Amino acid sequence: MQHFMDWMTDSFAPKVNKLAKNPWIAAVQDGILAAMPMIFIGSFATIIGILRNYWPAIPDISYISTFSFGLFSLFLSYLVPEAIMNRKKHKDVSRQAGLAGIAFFLLLIYPSITAKGIISFDVNSLGTGGMIAALVAGIFVGFVMNIFAKMQIFGEDSALPDFVAMWFNTLIPIIVILFVGWLFTFQLHFNLYNGINDLFKPLLALGGGFWGFVIINFIGFSFLYTFGISTWVIYPIQSAIALPAIAENAKNFAAGAAATNIYTNEAVDLYIIGGGGSTLALCIMMAFMARSARLKVVGRAGLIPSIFNINEPIIFGAPVAFNPLLMIPMWIMGLIGPIVTWFALSWGLVPIPHSVFQLWYAPFPILGYIVTDSIAGVIFTTVMFVISWLVYYPFFKAYDRQEVKNEAAEDDDEENSEEKEESAASTEDSVSGEPVPGAN
């Protein structure tokens, strides 16, 4: 185990962190995270929709979701190339890259234009259904803009004002980008949007299946996390699968059909109680059952964040990361959680989520109800909490005993050190001939 830990610490973890900091990969992550508020707005619309089931007088605000979460891919088409330029140290043309990204993406999704000049788009392609196409478009635009940013027509020593020089320096790359879109869409009549989606469909189908659900979530929310690697590392992969899936579920449900996609962020939230690795149970044990003074302090400090599924204080304070005694139960929960969730949803024991709800920080009983729109969701999250308690408990007890012994040993060392200091001071006083305090 120690050899494995050393390899993960010295070799694997640094490589993963280096990969995550790659400007192209980091830019995709930056773009998705920047658009998160628009997803949150869709989540609030879901809450209002649930309330309307009980108070019909509440107005229907579903169009707010359509023009926030429903435009997610359009937002990405701007944010990704902008982030690439920022990461590549070309901040002066980042906004122009973003604008080119929007234009190229809209060409990419094969718009139709009537003789009267009325342009129309498939609204589904503007939402998460077009997410893969938006990412490909953004990366392509970033690639072209990055090349031309290195060979500017007018440099910093030009007599032209900076903003005018920037106009001319970006004209050629934007023309190249738009020409590519125009060529495929209006000349070759090739639907790049469908082509990209068809190309990635097998990978998304594989990732959205049982093994993808288990492996991706185990690696991201448990395994890598125990080595101090943030769960956000896998978010671009996960979101490319989960966000289109929940959008399709919502569309099917609205049409009276069944929601069939299990791999959604909403489904993952059903078992991640307390944060990645389902650590709320561990936090409660530390706060109220630990005999170790240190664990008790860490548990109580991390209790409120853990209730809202924020567990960094526990992961790095207990710590769970790089701690074999607590890493193992986190890995176990990282496998049990997605496996039990998948079968509970696929067998119909719990309804498959059909509404967008990305407020992952909601406490688990509330989240369970909103995500599934059923009491079954509340019962399921409670069952998952009990399972996490049973998994963590024996490891917690062993770690607590170990910490109590360590604290007792530290106390003994401090007492012995104080006694030695007093003895040394007494000896010095005797040698110097000065009276020892308290001596007759």
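Conventions used here
Residues numbered from 1 in each chain as written. Predicted model: local features only at pLDDT ≥ 70, side-chain atom pairs only at ≥ 80, totals over all residues. Heavy atoms only, no water. pLDDT = per-residue confidence, 0-100. Helix = DSSP H or I, 4+ residues; strand = E, 2+ residues; numbered from the N terminus. Contact = heavy atoms within 4.5 Å. 1 Å grid on protein atoms, 1.4 Å probe; cavity = no way out; pocket = protein on both sides within 12 Å on 5 of 7 lines; lining within 4 Å. Points joined across faces, edges and corners; volume = space filled by probe spheres on them. Nonpolar A, V, L, I, M, F, W, Y, C, P; charged D, E, K, R; others polar. Buried < 20%, exposed > 50% of the residue type's maximum accessible area, 1.4 Å probe, protein only. Phe/Tyr/Trp six-rings, centres within 6.5 Å; stacked < 30°, edge-to-face > 60°.

**Describing the confidence of the model for the protein chain**
Looking at the protein chain as a whole, its pLDDT mean stands at 85, while 88% of the residues score no less than 70. In the model of the protein chain, helix α1 (residues 2-20) stands out as the element of lowest mean pLDDT, 70, in contrast to helix α14 (residues 280-288), which has the highest, 96. Note on residues 436-440: pLDDT is under 50 here. Beyond four places in sequence and across chains, it has four contacts.

**With respect to empty space enclosed by the protein**
Which parts of space are left empty comes out when a probe the size of a water molecule is rolled across the atoms. Applying the stated criterion to the full structure yields two cavities of 30 Å³ or more. One number sums up the size of the second largest cavity: a volume of about 40 Å³. If you trace the second largest cavity, you find it lined by Ala20, Ile25, Gln29, Val233 and Pro236. Here the residues of the lining of the second largest cavity sort into four nonpolar, one polar and no charged.

**Observations regarding unusual backbone geometry**
The omega torsion across Ala318 and Pro319 is -10 degrees, close enough to zero to call that bond cis. Along the chain, Pro319 turns up in the loop between α16 (312-317) and α17 (324-346). The phi dihedral of Asn309 falls on the positive side, at around 65 degrees, and the residue is not glycine. Inspection of the secondary structure assignment puts Asn309 in the loop between α15 (293-307) and α16. With relative accessibility at 10%, the residue Asn309 sits in the buried group. At Phe322, a position not held by glycine, the phi torsion is positive, near 60 degrees. Relative accessible area serves as the criterion here: at 36%, Phe322 is assigned to the partly exposed category.

**A closer look at helix α18 (residues 364-372)**
Looking only at α18, the buried set comprises Phe364, Leu367, Gly368, Ile370, Val371 and Thr372. Looking at the residues trailing α18, positive phi occurs at Asp373, about 55 degrees.

**Description of the environment of Ile109**
With respect to the helices, strands and loops of the structure, Ile109 is situated in the loop between α6 (94-108) and β1 (112-113). Among the residues examined, Ile109 registers a relative accessible area of 5% and is labelled buried. Placed 13 residues apart in sequence, Ile109 and Asp122 show a C-alpha to C-alpha distance of 8.0 Å. Contact partners of Ile109, with chain neighbours within four places excluded, come to Phe121, Ser125, Leu126 and Tyr193.

**Observations regarding the packing of aromatic side chains**
Considering all chains together, one arrives at 19 aromatic pairs under this definition. Ring geometry for Phe40 versus Tyr361: centroids 6.3 Å apart, planes at 75 degrees, classification edge-to-face. Here Phe40 is found in helix α3 (residues 36-52), whereas its partner Tyr361 is found in the loop between α17 and α18, with 321 residues between them in sequence. Exposure remark for Tyr361: the relative accessible area of 33% places this residue in the partly exposed category. Considering the side-chain rings of Trp360 and Tyr361, the 5.5 Å spacing of their centres and the 80 degrees angle between planes classify their relative orientation as edge-to-face. By relative accessible area, Trp360 is classed as partly exposed at 30%. One aromatic cluster in this structure is built from Phe210, Trp211, Phe213, Tyr263, Trp342, Phe343 and Trp347.

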